[in-house]
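Now for the letters of each chain:
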Amino acid sequence: RLSLEEAKSELSSMRQPCVWKIKELPEGILSLNREYTAKNFQSALDSINAIGVIAEREGHHPNFHLTNYRQVEIEIYTHKLNGLTKNDFILAEQISQEVTMEYSPKWLKENPEASETSTGES
């Protein structure tokens, strides 16, 4: 299990610009999080399903939160250890590289760092 400093170091070594953030959950567990607003409900579901395919392939499953029909939060940590490991960062990189998101145009304008993972549609 990584310390906060080790997790920050792993985060800084990820491909830039990085859309992931380290978050401390209420239970004191460190997690790797990504939040975005999808273009619509179907786009939100499509992105969750695409991430699910990667999670199944890797045998490492993130938590998903879908609220307000298109607000998505992905939360990655190693449940068995209640914290972050290098495998969590590997999964986050795979998601960033393999899943193309269809973001809300307004959200993308406010979060230009996410444009590399976008379909580019408005």
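About the cut-offs
Residues numbered from 1 in each chain as written. Predicted model: local features only at pLDDT ≥ 70, side-chain atom pairs only at ≥ 80, totals over all residues. Heavy atoms only, no water. Pairing = 2+ DSSP bridges. Helix = DSSP H or I, 4+ residues; strand = E, 2+ residues; numbered from the N terminus. Axes fitted to C-alpha atoms, helices over the stretch in contact; angles between N-to-C directions. 1 Å grid on protein atoms, 1.4 Å probe; cavity = no way out; pocket = protein on both sides within 12 Å on 5 of 7 lines; lining within 4 Å. Points joined across faces, edges and corners; volume = space filled by probe spheres on them. Nonpolar A, V, L, I, M, F, W, Y, C, P; charged D, E, K, R; others polar. Buried < 20%, exposed > 50% of the residue type's maximum accessible area, 1.4 Å probe, protein only. Salt bridge = Lys/Arg side-chain N within 4 Å of Asp/Glu carboxyl O.

Draft legend 1. Geometry of the sheet that holds strand S4 (residues 71–76). Strand order in this open sheet of four strands is S1-S2-S4-S3, and the pairing throughout is antiparallel. Of all strands in the sheet, those with a lone pairing partner are strand S1 (21–24) and strand S3 (63–67), marking the two edges. Along the sheet, successive strands turn relative to each other by an average axial angle of 30°, direction set aside. Relative to S4, strand S2 (residues 30–37) is paired through six bridges, and the arrangement is antiparallel.

Draft legend 2. Just empty space enclosed by the protein, in detail. Across all of its chains, the model carries one cavity of 30 Å³ or more by this definition. Taken as a whole, the largest cavity spans an internal volume of roughly 90 Å³. Every residue along the wall of the largest cavity is listed here: Met14, Arg15, Pro17, Cys18, Val19, Trp20, Glu93, Ser96, Glu113, Glu116 and Thr117. Residue composition of the lining of the largest cavity, grouped by class: five nonpolar, two polar and four charged.

Draft legend 3. Representation of the pairing of S2 within the structure. Taken across its eight residues, S2 has seven buried, putting it largely inside the fold. Between S1 and S2, which pair antiparallel in sequence order, lie five residues; one of them, Gly28, sits at a positive phi of approximately 85°.

Draft legend 4. Local environment of the pattern of salt bridges. Counted by the stated rule, this structure contains seven salt bridges. With its nearest N and O atoms 2.9 Å apart, the salt bridge here joins Arg57 to Glu98. Here Glu98 lies in helix H3 (residues 86–98) and Arg57 lies in helix H2 (residues 41–58), a separation of 41 residues in the sequence. With relative accessibility at 47%, the residue Arg57 sits in the partly exposed group. Taking relative accessible area as the criterion, Glu98 reaches 42% and is therefore assigned partly exposed. When salt bridges that share partners are traced, they join Arg57, Glu58 and Glu98 into one network.

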